[in-house]
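# Tertiary structure, described
Residue-level listing of the chains:
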Amino acid sequence: MLYYTLKVLVSALLIVVITEVAKRSSGFAALVASLPLTSLLAFVWLHVEGTPASEIAGLSSQIFWLVLPSLVLFLLLPLLLRQGLNFWLSLGLASAATVLCYLALLPLLRKFGVQL
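Counting of residues starts from 1 at the beginning of each chain's written sequence and follows it residue by residue. Per-residue local features of the predicted model are confined to residues with pLDDT of at least 70, and side-chain atom pairs are confined, for both listing and counting, to 80 or more; whole-chain, interface and lining totals are unaffected and use all residues. Excluding hydrogens and water, the side-chain figures rest on all heavy atoms present in the structure.

## With respect to the packing of aromatic side chains
Geometrically, a pair of aromatic rings is defined through the distance of the ring centres and the angle of the planes. Note on aromatic pairs: the rings of Phe, Tyr and Trp (six-membered ring only in Trp) are paired at centre separations within 6.5 Å, and the planes decide the class, stacked below 30 degrees, edge-to-face beyond 60, tilted for the rest. Applying the stated rule across the entire model yields two aromatic pairs. Ring centres of F64 and W65 lie 5.0 Å apart, and the angle between their planes is 75 degrees; on these two criteria the pair is classed as edge-to-face. Any residue under 20% of the maximum accessible area for its type is buried, any over 50% is exposed, and the rest in between are partly exposed; the area is computed with a 1.4 Å probe on protein chains only. Accessibility expressed as a relative area gives 48% for F64, which makes it partly exposed. Among the residues examined, W65 registers a relative accessible area of 31% and is labelled partly exposed. With a centroid separation of 4.9 Å and 75 degrees between ring planes, the pair formed by F87 and W88 is classed as edge-to-face. Residue classification places F87 among the partly exposed residues on the basis of a relative accessible area of 40%. Residue classification places W88 among the exposed positions, given a relative accessible area of 64%.

Here's what the structure looks like:
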């Protein structure tokens, strides 16, 4: 139980640090947030738990493909906000567009033999 508590605390601490840094420097916060910290933590936790390297490598490859449609959110959200749309509406539209991109990408990846 202590191990899971440590995992949750470390993971949550990263989110708190990013939001606090953003209040002072959005550029530095963006740099920290753009790092694949969630993936890195997952890799470390899996390694510590004895997961074979081949499974961690597979996860890393799958993450690569699934990052691509997520980029739509980061392109669309600022565009909508700069057009004067409400934050929640912009976030909802950008999120919906991202989900649609995921749904479009998954069959395309299967067609090219990429297993997720």
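Okay, back to it.
## Let's talk about the environment of A94
Every helix listed is a DSSP run of H or I at least four residues long, and every strand listed is a run of E at least two residues long, numbered separately from the N terminus. In this structure, A94 sits in helix α5 (residues 87–111). A relative accessible area of 0% means that A94 is categorised as buried. The spatial distance from the C-alpha of A94 to the C-alpha of V72 is 7.3 Å, given a sequence separation of 22 residues. Residue contacts follow a heavy-atom distance rule, with two residues in contact if any of their heavy atoms lie within 4.5 Å. Among all residues touching A94, those that are not within four sequence positions of it are L73, L76, L77 and L80.

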